[in-house]
Amino acid sequence: MKRQRGALTVITPLIIILIVLFSALALDGARLYSVRSQMQSIANVAATAAADAAQACYGGEVSSASIEAVAKAVADEHGMDELGGVLVVQPGVVERGADNTLGFRQVDSLVSESNAVRVEYSLPDTPISRLIPGLLGDVDLKRVAVAKKEVIATVSAAGSTAVVGGPGGNAGLLGTVLGGLLGVSDFTLDATSIESLAGTTFALGGFLESIGVAGGLRAVDDLVGADDILQGILAGLDPASDAAAVVQDMLSDAGLVDTNVRLDQVIKLITDVQYPDQTPVPVYDTVVALALNLLDGVTSIPVDANINVLGIASADLSLVVDKPPTVVVGPARTDAQGMPLVEFEAADITLALLVEADLLGIAKVEVPLAVETGGGSGFLEYADCASGASNNVLFTLNMQPKVATVSTGVITPSGSLEVKGISAELLPALKDILASIVIEATIEELKVGSAVNSIRTLDYDLYERQANSVTVGGGTDLHLSSGDFDILKVTVPPPKDCGLLGLGCLLSDLLEPILGVVTGAVDELLKSGVIDLVGNILTMILEPLLNALGLHLGGMTVSVTSADQGAVTLLDCGTGACDLIQ
């Protein structure tokens, strides 16, 4: 008994010491766990705030210093100023690695590439135990967070916003031109069908799955059948929609089975960008881009049945495409070489009409009128992402329109423009009265617009999801005058036949002062008629066609047809995604 008491006397203090020691360790462990959790929380909010200040979402020029300042300010607000420690902020890009998992790649000098921020928060030399610090030593605590934020925009200079809500009178003309470009015979569209194409989008995921890109069968720059692209558009549409019926009609009649086109020349996708499956892409713009990419050489389309301009009897359209437009889907940042990821092009085409028309009931005139658009280019420079209670994204577009030229002329078989004047022939009923009519009317490269670089902003409401557009340059108020013609002469000579006993010539000599005044008035009237006729062809036929292709005389229209901005993405560092990709 005495021995047991002696043993207890020795063991009891040891047990008490162990209990105190383990209690202290438990408390320190809980403290360290709490500190680590607080550090992770601080790293998360700092990375989230800094991602909003990266290039893809900031809305302006960024720097490593500005991103770091945002991260540290938010970290201090959430307790780092009290907890202490070191915060390392690294701008970079979240992208897929070789194993198809997401990872973070740091960008050092080119912050304009950034869409994410990596924050490393460390507390070096942290005592393991506050109660017995000298016994257990120190530990370096470190927490890492990577946050990504960007908006994916669909940008186009192919003209859908010029069609939606526009005059329905040009619908048949646009339908005929689209059909002619795609090789569809007798293809016409009414205003409802045109607007159904222009006001509808298809889902990018269904499109890519249909043509084999999503499954890895094709790359974004591979050759794809034109009919496959139309089938892909159908796959991304509601089968019951009006637009689906129109595209199906195109597929049924078009001779596109053996026609291939590079996918990135119709829809340009960025290889390393993550695209949500529901990313909307405009149907009309894509069809126009496809049609213009398919053209090779000079294309002629009879369009007179769809032109309702007073005095015009017939019209034939010819066009040559030097640079087709492209629908681009991507974020507002640069690649590793500093080039913008989203670069857009307006179509650079030569469009010519050969029109036969009645001139004031006196003569039949043939008017060859051509427009060289010059195209235009630009890029998506910035995006100020929606945040807080706001649903609006503010995009900044850098736009460079080109000068357009208007000439009287025709497109030669080689695709060049040949200047040619207006010709005239008296109507049969007047040939017995007047000897002839002479019209000399030529326009040679009348310049419209200016190639002035323009920075424009454009709002897009993520909730309303309505396309928005901006136009720069353009000669939409162009009114021709006699000064725009290089040559403009209209004369109606007197009869050459003097008639019986020469009385006609005698009367002509006697009445010459009076006839001179009358003839001069007729000449001016006919000259005015020529100016009005050419102006009507330009503004009532050619200009609506150009607008429907995203062009204006000497200007360009660029549309953000859709935008997709998900929530801030925090990568799970437990999977290794927060590690640096070398």
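Just so you know, these numbers come straight off a predicted model, no measurement behind them.

Calculation notes
- Residues numbered from 1 in each chain as written.
- Predicted model: local features only at pLDDT ≥ 70, side-chain atom pairs only at ≥ 80, totals over all residues.
- Heavy atoms only, no water.
- Helix = DSSP H or I, 4+ residues; strand = E, 2+ residues; numbered from the N terminus.
- Buried < 20%, exposed > 50% of the residue type's maximum accessible area, 1.4 Å probe, protein only.
- Contact = heavy atoms within 4.5 Å.
- Areas by Shrake-Rupley, 256 points an atom, 1.4 Å probe, with all protein chains shown as cover.
- Phe/Tyr/Trp six-rings, centres within 6.5 Å; stacked < 30°, edge-to-face > 60°.
- Pairing = 2+ DSSP bridges.
- Axes fitted to C-alpha atoms, helices over the stretch in contact; angles between N-to-C directions.
- Core = buried A, V, L, I, M, F, W, Y, C linked by side-chain atoms within 4.5 Å.
- Disulfide = S-S within 2.5 Å.
- Parallel < 35°, antiparallel > 145°, perpendicular 65-115°, else oblique.
- Left-handed = near helix turned anticlockwise from the far one by under 90°.
- Nonpolar A, V, L, I, M, F, W, Y, C, P; charged D, E, K, R; others polar.
- Expected span 1.5 Å × (residues − 1).
- Salt bridge = Lys/Arg side-chain N within 4 Å of Asp/Glu carboxyl O.

Participant: Could you clarify how one ought to interpret the overall build of the protein in this entry?
Facilitator: Of regular secondary structure, the protein possesses 13 helices and 29 strands. Looking at the protein as a whole, 48% of its 582 residues qualify as buried. Here the contacts in the protein between residues at least 6 apart in sequence split such that 76% fall between residues at least 24 apart. Working note: accessible area of the protein is about 26600 Å², and carbon and sulfur atoms make up 53% of it.

Participant: How should the packing of aromatic side chains be read in this particular structure?
Facilitator: Two numbers describe a pair of aromatic rings. These are the distance of the centres and the angle of the planes. For the coordinates displayed, the defined rule picks out one aromatic pair. The interplanar angle of 45 degrees and the centroid separation of 5.3 Å between the aromatic rings of Phe202 and Phe207 together place this pair among those described as tilted. For the pair shown, Phe202 and Phe207 are each scored as buried.

Participant: Is there a simple way to think about the sheet that holds strand 3 (residues 116-127) in this case?
Facilitator: Note on sheets: strands pair through backbone hydrogen bonds, and any given pair is parallel or antiparallel. Taken in spatial order, the five strands of this open sheet run 2-1-3-4-29, and their pairing is antiparallel. Only two strands of the sheet have a single neighbouring strand rather than two, namely strand 2 (102-106) and strand 29 (569-570). Across five bridges, strand 1 (residues 86-96) lies against strand 2 in antiparallel orientation. When the sheet's bridge partners are listed, Glu95 is paired in strand 2 with Gly103. Sheet strands in contact with helix 3 (residues 64-83) are strand 1 and strand 3, and its direction is about 125 degrees off that of strand 1.

Participant: So what exactly am I meant to see when it comes to the pairing of strand 16 (residues 363-372) here?
Facilitator: When a strand is regular, its side chains alternate between the sheet's two faces. By the criterion of burial, strand 16 is predominantly enclosed, with seven of the ten residues buried. Relative to strand 16, strand 15 (residues 348-359) runs antiparallel, the two being bridged by ten bridges. Residue Val355 lies in a different strand from strand 16, and its bridge partner there is Val367. Connecting strand 15 to the antiparallel partner strand 16 that follows it, the hairpin turn spans three residues, and Leu360 within it adopts a positive phi of roughly 55 degrees. Pairing between strand 16 and strand 21 (residues 423-426): four bridges, direction antiparallel. Note that in strand 21 the partner of Lys364 across the bridge is Glu425. Taken together, the four bridges between strand 16 and strand 19 (residues 404-411) define a ladder with antiparallel strand orientation. Bridge pairing in strand 19 places Glu372 opposite Thr405.

Participant: Got a minute to help me understand the nonpolar core in this structure?
Facilitator: A general tendency of soluble globular proteins is for nonpolar side chains to be buried together. One finds Phe207, Ile233 and Phe395 to be the most contacted residues of the largest nonpolar core, which totals 119 residues. Ranked by the residues each element gives to this core, the list is headed by helix 13 (residues 512-548), at twelve residues. Excluding its chain neighbours within four sequence positions, the residues that come into contact with Phe395 are Val151, Ala153, Leu380, Tyr382, Ala383, Arg456, Thr457, Leu458, Tyr460, Val560 and Ala563. Counting 26 residues, the second largest nonpolar core, distinct from the first, contains Leu32, Ile67, Ala75 and Leu141.

Participant: Explain the sheet that holds strand 24 (residues 454-461) to me, please; I cannot follow it from the model alone.
Facilitator: Reading across from one edge, 14-17-18-24 is the order of the four strands in this open sheet, with antiparallel pairing throughout. The open sheet terminates on both sides in strands that have one partner only, identified here as strand 14 (343-346) and strand 24. Recorded for the sheet is a direction-independent mean angle of 30 degrees between the axes of neighbouring strands.

Participant: Just checking my understanding: could you explain the state of the cysteines for this structure?
Facilitator: What we call a disulfide is simply a covalent bond connecting the sulfur atoms of a pair of cysteines. What the rule picks out here adds up to one disulfide. The disulfide partner of Cys57 is Cys385, and the gap between their sulfur atoms is 1.9 Å. Judged by the sign of its S-S torsion, about -80 degrees, the bond between Cys57 and Cys385 is left-handed. With Cys57 in helix 2 (residues 55-58) and Cys385 in the loop between strand 17 (376-384) and strand 18 (392-401), the pair connects residues that are 328 residues apart, well separated along the chain. Exposure remark for Cys57: the relative accessible area of 1% places this residue in the buried category.

Participant: Can you help me understand the packing of helix 8 (residues 204-211) against helix 9 (residues 226-235) in this one?
Facilitator: Interhelical geometry of helix 8 versus helix 9 gives an angle of 140 degrees and a closest axis separation of 7 Å. Taken together, helix 8 and helix 9 sit at an angle that is classed as oblique. Note that helix 8 runs across helix 9; the crossing there is right-handed. For the pair helix 8 and helix 9, the contacting residues are Gly206, Phe207, Ser210 and Ile211 in the first and Asp228, Ile229, Gln231, Gly232, Ile233 and Ala235 in the second. In the contact of helix 8 with helix 9, the residues fall into five nonpolar, four polar and one charged.

Participant: How should I be thinking about helix 3 in this particular structure?
Facilitator: Since the α-helix packs 3.6 residues into each turn, any two residues three or four apart lie on the same face. Over its 20 residues, helix 3 extends only 24 Å from the first C-alpha to the last, a length that falls short of the 28 Å expected when each residue adds 1.5 Å. Following helix 3 by one or two positions, Gly84 has its phi on the positive side, about 85 degrees.

Participant: Where do I start with the pattern of salt bridges in this structure?
Facilitator: Between side chains of opposite charge, pairing is possible as soon as their charged atoms come close. Here the structure, examined in full by the defined rule, presents nine salt bridges. One salt bridge connects Glu68 with Lys72, and the closest N-O pair in it is separated by 2.8 Å. Highlighted residues: Glu68 and Lys72, both in helix 3, separated by four residues, approximately one helical turn. Given a relative accessible area of 28%, Glu68 falls into the partly exposed group. According to the relative accessible area criterion, Lys72 is partly exposed, its value standing at 31%. For the salt bridge of Arg262 with Asp264, the shortest nitrogen-to-oxygen distance reads 2.6 Å. Here the residues in one salt-bridge network are Glu95, Arg105 and Glu113, joined through shared partners.

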